[in-house]
2 protein chains.
Amino acid sequence: MMERVFLAGRRTIQGELEAALEGMTRNPVALVVAGRTDAGVHATHAVAHVDIPERDHDAKEWDLANFTYRLNRILADDVRIHNISLAPANFHARFSALRRHYVYKIADNQQLVPPLKRIDVATWYRPLDVDRMNAASARLLGEHDFTTFCKPNGSGSSSAIRRLEVFSWRRDADGYLYADVIADAFCYSMVRNIVGAVVCVGEGRFEPEWISTLLEERKRVSESLVFPARGLTLVDVEYPADSELLERSKTTIGLRTEFAE
Amino acid sequence: MMERVFLAGRRTIQGELEAALEGMTRNPVALVVAGRTDAGVHATHAVAHVDIPERDHDAKEWDLANFTYRLNRILADDVRIHNISLAPANFHARFSALRRHYVYKIADNQQLVPPLKRIDVATWYRPLDVDRMNAASARLLGEHDFTTFCKPNGSGSSSAIRRLEVFSWRRDADGYLYADVIADAFCYSMVRNIVGAVVCVGEGRFEPEWISTLLEERKRVSESLVFPARGLTLVDVEYPADSELLERSKTTIGLRTEFAE
C-alpha cells in the first residue's frame, strides 16, 4: 500500500499531499486519488481518500478541526485543499466515482492570450468553427472502445471502453473555445486526443464523419494530434448516494482493471 | 543609449523585448519604457517606445504590417505585445505619461486562493475591513512627499513628491480586496509600501490617523510593511493629446530626475 508516485523526479499532487500528511500525522500515508492526470493538467476539483488504521481513529494527529487550514499552510500555493471530511462507509475515491468532468480551453485564430490568463489555455493558429467542432464531438458520445484515442500506459491489460456523456463546445466570455467533457472515466491522454482530432474538423481539414472512421478503426492516432496538457482542467468528480457506494465500486472494478482513469 | 537592463541575471520585460527586436531587425535597439516595476509585479497594459535611426525609417525590417504577430511568435508566452504603432512627434513613453494606474489584490481572512487564480493575488491571514482601508487610503490622496513609503533606489538625488489621485478599495467578485491606485508617477516600491501600511489599519492594529503621522514623518517605514510584488498589476498608462506631448515631457523632466517611476 505504500507505493509512492514519483514521475521521473517530477512533483505530483499525490506525492505533495502524502508528504504533508505524513509530516502532520507522523504516520505513513497512502493516498487513493479519483484519477491521475497527465503532467501539466490542472484541477479545480479533485478527490482523494486515505485509510487510517483503526488504532489511530481517535488519535489527535488526525483531528479534523483546523486540519484543512494546517495542511494548506504546509502545501505550496499551487496545491490547495478545499475540504476534508470523514468518508462514508465503502467510499473509494477512484472506484466509487460515477463520472469525471473536464474542461478544455483553446485560444484559436492567433488570438492574443494575456500572460495572466495563459496558465490554462492552449493556443491554435487557425480559426475554429464551433458548429463543426460540435458536429465532430457528437460522434464520440456514448459507450465506445476508445483505443484510437488512448495512449497505451504499459499495463497491457487495459480496456479502453468508456461512456462519453458530454462533449460540447462554446465560446466563453474571453472569446476562447471552451469544451465540457464528461465521461464515466477516461483512459490515459484521452481528452487531449479527442480534442486534437475534433480540431482537425473544426479548422476544415476533415469532415465530421472522419471522427467516426477513426473511432471504428481502433488504431491509435498520431501523437501529433494530441493537444497540450495546459488547456485541460478537471472540474468535478461525481459520486453516488452513500447507500450505493459499494455497488458502484463492484461495478467499476468489474469494468476496468487498468491504471489510468 | 545602449544600456541594457539585467537585474542580477533575472529576465526583464525590457531585456526580452530588446533581444527579440534586435533579432527581427538586425539593429541595436534601446527600449524606453513608461516605468520599471519591481521583479514579480504584473502588467496588463505597459507602454514603451524605440527610436529608429532616420536612415532606417523605410527599412523593411521595421515594416509594421504583421510586426506584432511576428514579435509575439518570438517572445515567451509570459510577455505579449498588444499593439504597435508609429508614435506621434515628441512622444516619450516615460516622460510624456500623465499618470499610471495599478491594481492590488489581497485574499484576506485565510481565504483559500485556488491555484489557478494565485498568480496575481497576495494573501493576508487576518480579516480586513474595507471601510477602514478606505479611510486610511484617503489620507494619502493629493500631492505629498512620499519618502516614508519609498525605498531608496541608490541614485541619491530623487524627489519623492508624487500626486496620488486614486487609492480606493472594494471587494471583487472573487471576494478579494481590490484596490485601484492612480498617481502621476510612483517611486520605487511605493504601492507595495502604502498597501502594507493601510492593511495595518484595515486589520485594526492602528487608526486611520496613523497613516497621516507616518506620511508627515518622512522616515522610511519598516521593510516588514512591504506587501508582495505578486499582488500588484500595472493596468494603464495615460498620455495627453498629441499636441501636448512636448509640454508634458518638459514638465515631467523638471519635476523628477530620478530613475524609478
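Residues numbered from 1 in each chain as written. Chains lettered and ligands numbered in written order. Predicted model: local features only at pLDDT ≥ 70, side-chain atom pairs only at ≥ 80, totals over all residues.

## Brief notes about the interface of chain B and chain A
This is how the line gets drawn: It is the C-beta atoms, placed from the backbone, that decide contacts: two residues are in contact if theirs lie within 7 Å. Polar here means any residue other than Ala, Val, Leu, Ile, Met, Phe, Trp, Tyr, Cys and Pro, which are nonpolar, and Asp, Glu, Lys and Arg, which are charged; Gly is therefore polar.
At the junction of the two partners, chain B supplies 18 residues and chain A supplies 18 residues. Considered class by class, the residues forming the side of chain B that touches chain A number eight nonpolar, five polar and five charged.

## Describing the packing of helix α4 (residues 190-202) of chain A against helix α5 (residues 209-217) of chain A
All names here are of chain A. Our working rule: To define axes, lines are fitted to C-alpha atoms, for helices over the stretch in contact only, and angles between the resulting N-to-C directions are given on a 0 to 180 degree scale. Put simply, DSSP marks the helices as runs of H or I at least four residues long and the strands as runs of E at least two long, and each gets a number from the N terminus on. Here the word oblique covers every angle except those under 35 degrees (roughly parallel), over 145 (roughly antiparallel) and from 65 to 115 (roughly perpendicular). Whether a crossing is left-handed or right-handed is set by the direction in which the near helix is turned from the far one by less than a right angle, anticlockwise for left-handed and clockwise for right-handed.
For the pair α4 and α5, interaxial distance at closest approach is 9 Å and the crossing angle is 150°. Relative to α5, α4 is oriented roughly antiparallel. The two elements α4 and α5 cross, and the hand of that crossing is right-handed. From α4, Ala197, Val198 and Val201 reach across to α5, where they touch Trp210, Ile211 and Leu214. Here the contact of α4 with α5 is composed, by residue class, of six nonpolar, no polar and no charged.

## Brief notes about the packing of helix α1 (residues 13-25) of chain A against helix α2 (residues 67-74) of chain A
Residues and elements named next belong to chain A. Where α1 contacts α2, the two axes come as close as 10 Å, and the packing angle between them is 120°. As the angle between them shows, α1 and α2 are arranged oblique. Between α1 and α2 the crossing geometry is right-handed. Within the contact between the two elements, α1 uses Ala20, Gly23 and Met24 and α2 uses Arg70, Leu71 and Ile74. Partitioning the contact of α1 with α2 into residue classes produces four nonpolar, one polar and one charged.

## Points about the pairing of strand β8 (residues 177-183) of chain A
The two faces of the sheet receive side chains in turn, since in a regular strand these alternate between them. Residue and element names in this part refer to chain A. So the rule is basically this: Using C-beta atoms placed from the backbone, we call a residue buried if 20 or more other C-beta atoms fall within 10 Å of its own, exposed if 12 or fewer do, and partly exposed for counts in between. For two strands to be treated as a pair, DSSP must find at least two bridges joining them.
Of the two faces of β8, the one lined by Leu177, Ala179, Val181 and Ala183 is fully buried and the one lined by Tyr178, Asp180 and Ile182 carries no buried residue. Pairing of strand β4 (residues 99-107) with β8, which is carried by seven bridges, proceeds in the antiparallel orientation. The partner of Ile106 across the bridge, within β8, is Leu177. For strand β7 (residues 161-171) and β8, the ladder comprises seven bridges, and the chain directions are antiparallel.

## Overview of the domain arrangement of chain A
Residues and elements named next belong to chain A. To be explicit about the condition: Where each domain begins and ends is defined by an automated method or by a domain database.
Taken domain by domain, chain A holds domain 1 (13-74) and domain 2 (99-255). Taking only C-alpha atoms, the centre of domain 1 and the centre of domain 2 are 29 Å apart. Across the contact, 13 residues belong to domain 1 and eleven residues belong to domain 2. Class assignment of the residues belonging to the side of domain 1 that touches domain 2 gives a composition of six nonpolar, six polar and one charged.

## Some points on the relation of the copies chain B and chain A
The criterion, for reference: Each copy is superposed on the other by least squares, with the fit set by C-alpha atoms of residues at a pLDDT of at least 70 in both.
Rotating chain B by 180° about the axis while translating it 0.0 Å along that axis superimposes it on chain A, leaving an RMSD of 0.0 Å. These values place the two chain copies in the arrangement generated by a two-fold rotation axis. Both copies share a contact surface, since 100% of the interface residues of chain B are interface residues in chain A too.

## Details of the environment of A:Val198
All names here are of chain A. In this structure, Val198 sits in helix α4. Separated by 60 residues in the primary sequence, Val198 and Ala138 place their C-alpha atoms 9.9 Å from one another. Sequence-distant contacts of Val198, defined by excluding residues within four places in its chain, comprise Met133, Ala136, Ser137 and Ile211.

## A closer look at helix α1 (residues 13-25) of chain B
Helical periodicity: at 3.6 residues per turn, an α-helix aligns residues three or four positions apart in one direction. All names here are of chain B. Basically, it comes down to this: Given the number of residues in a helix, its expected span is that number minus one, multiplied by 1.5 Å. What the arc measures is the spread of directions leading from the helix axis to the C-beta atoms.
In this model α1 runs 18 Å from its N-terminal to its C-terminal C-alpha over 13 residues, within 8% of the 18 Å that 1.5 Å per residue would give. Along α1, the residues that are buried comprise Leu17, Glu18, Ala20 and Leu21. Projected onto a plane normal to the axis of α1, the buried residues spread over an arc of 165° and lie on a single side. A positive backbone phi angle near 50° is found at Arg26, which sits one or two residues after α1.

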